[in-house]
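# Breakdown of the fold
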Amino acid sequence: MVLSKQVIMELPWNDPISQKFVTQVGLITSEGNDGPNIMACKWTHHISYNPGLIAISLGLRKATVKNIRNTKEFGINLCSTDQSILSSIAGEYSGSSYDKIGASKELGFEYYKANKIKALMVKGASLNIECKLFQEIAFGDYIMFVGEAIDATHNTEKQPLVYHDGKYWSLEPILKPKLQQREFIQKVIEKHKKIKKNT
Ligand SMILES: Cc1cc2nc3c(=O)[nH]c(=O)nc-3n(C[C@H](O)[C@H](O)[C@H](O)COP(=O)(O)O)c2cc1C
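Computed from a predicted structure; not experimentally measured.

### Side note on the overall build of the chain
Counting its regular elements, the chain contains four helices and twelve strands. The buried share of the chain, taken over its 199 residues, is 35%. Within the structure as shown, the chain displays about 14200 Å² of accessible surface, and the carbon and sulfur contribution to it stands at 56%. With 26 positive and 20 negative side-chain charges, the chain shows a spacing of 10 Å between the two charge centroids.

### Things to note about the site of the ligand
Looking at the ligand, there are 22 residues lining it, with Ala40, Thr64, Tyr93, Ser94 and Gly95 nearest. For the ligand, an oxygen atom lies 2.7 Å from a polar atom in the backbone of Tyr93. Between Lys100 and the ligand, the recorded distance is 2.8 Å, taken from a side-chain N or O atom to an oxygen atom. In isolation the ligand offers 660 Å² of accessible surface; the protein chains occlude 89% of this area. By residue class, the composition of the shell around the ligand is eleven nonpolar, eight polar and three charged.

### Focus on the sheet that holds strand 1 (residues 22-24)
Spatially, the three strands line up as an open sheet ordered 1-11-12, and their pairing is antiparallel. With one partner strand each, in any of the chains shown, strand 1 and strand 12 (167-169) form the two edges of the open sheet. Between one strand axis and the next, the sheet turns by 35 degrees as a mean value, whatever way the strands run. Both strand 11 (residues 162-164) and strand 12 contribute to a ladder of three bridges, which runs antiparallel. Counterpart to His164 in the pairing with strand 12 is Lys167.

### Some thoughts on the pairing of strand 2 (residues 26-32)
Side-chain direction in a regular strand flips from residue to residue, so the side chains alternate between the two faces of the sheet. Strand 2 sits mainly inside the fold: five of its seven residues count as buried. Pairing geometry for strand 2 and strand 3 (residues 35-41), over seven bridges, is antiparallel. Opposite Thr29, over in strand 3, you have Ile38 as the bridge partner. Taken together, the four bridges between strand 2 and strand 6 (residues 73-78) define a ladder with antiparallel strand orientation. Across the sheet, the residue bridging to Leu27 is Asn77, located in strand 6.

### A few points about the packing of aromatic side chains
Here the structure, examined in full by the defined rule, presents three aromatic pairs. A centroid spacing of 5.5 Å and a plane angle of 50 degrees characterise the contact between Tyr163 and Tyr168, whose relative ring orientation is tilted.

### Side note on the pattern of salt bridges
One pass over the full model with this rule turns up six salt bridges. Residue Glu73 is joined to Lys132 by a salt bridge in which the shortest nitrogen-to-oxygen separation is 3.0 Å. Highlighted residues: Glu73 in strand 6 and Lys132 in strand 9 (residues 127-139), separated in sequence by 59 residues. The class for Glu73 is buried, based on a relative accessible area of 9%. Judged by its relative accessible area of 34%, Lys132 falls in the partly exposed class. Here Lys158 and Asp82 are joined by a salt bridge, their closest N and O atoms 2.8 Å apart. Pair noted here: Lys158 is in the loop between strand 10 (142-154) and strand 11 and Asp82 is in the loop between strand 6 and helix 2 (84-92), with a separation of 76 residues, a long-range link.

About the cut-offs
Residues numbered from 1 in each chain as written. Predicted model: local features only at pLDDT ≥ 70, side-chain atom pairs only at ≥ 80, totals over all residues. Heavy atoms only, no water. Helix = DSSP H or I, 4+ residues; strand = E, 2+ residues; numbered from the N terminus. Buried < 20%, exposed > 50% of the residue type's maximum accessible area, 1.4 Å probe, protein only. Areas by Shrake-Rupley, 256 points an atom, 1.4 Å probe, with all protein chains shown as cover. Lys, Arg positive; Asp, Glu negative; His and termini not counted. Charge placed at Lys NZ, Arg CZ, Asp CG, Glu CD. Near = heavy atom within 4 Å. Polar contact = N/O pair within 3.5 Å; in protein donor to acceptor, adjacent residues only side chain to side chain. Nonpolar A, V, L, I, M, F, W, Y, C, P; charged D, E, K, R; others polar. Pairing = 2+ DSSP bridges. Axes fitted to C-alpha atoms, helices over the stretch in contact; angles between N-to-C directions. Phe/Tyr/Trp six-rings, centres within 6.5 Å; stacked < 30°, edge-to-face > 60°. Salt bridge = Lys/Arg side-chain N within 4 Å of Asp/Glu carboxyl O.

Listed below in structure tokens is the structure:
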């Protein structure tokens, strides 16, 4: 018997399909043998409320992977709209060859000492979360580190930077429909309510 071969798709970087996703940019800070480091990570996701867990997916060869494996901790700093240059620096050079923290400081970006971890945290980010490593899971060609939040602060004056189609964007709210339209939508939904049959 010949089984039909299932086609498994790749979704490569820079592909028009991959580019359709909309993400934030996490600036992942870590500490290692080569000194403090920062990398850009669009795959930064809040995945649990209790306990507070955040997942980041990193390519195997990133210097940040080595740092997190050694220290079992990392900082998540959600990039704000005035930090797109910092995201580009953190995302285009590797900490194994460049002191990105030193370079970004010289360009005017600032850091502060974390409360509970050794890594530096990014000043002026829209959100800062200090994490202890909770779990490491390999998925495809990436490795997901799940961090447990142990300290967090948010900046009410800063908006998170958006990443989509290989470009940076800022958020704009979409207005809620007017009351009359919301009432009409509600009526339509009620009309489609499923009637449970008694068994
Ligand atoms: C906006 C942006 C988002 C990125 N997102 C990710 C990501 O989610 N995961 C990843 O492994 N690399 C991502 N990168 C690439 C890394 O940040 C880049 O390879 C970096 O040099 C790794 O740094 P390191 O070697 O010092 O850890 C992104 C780059 C940019 C510019």
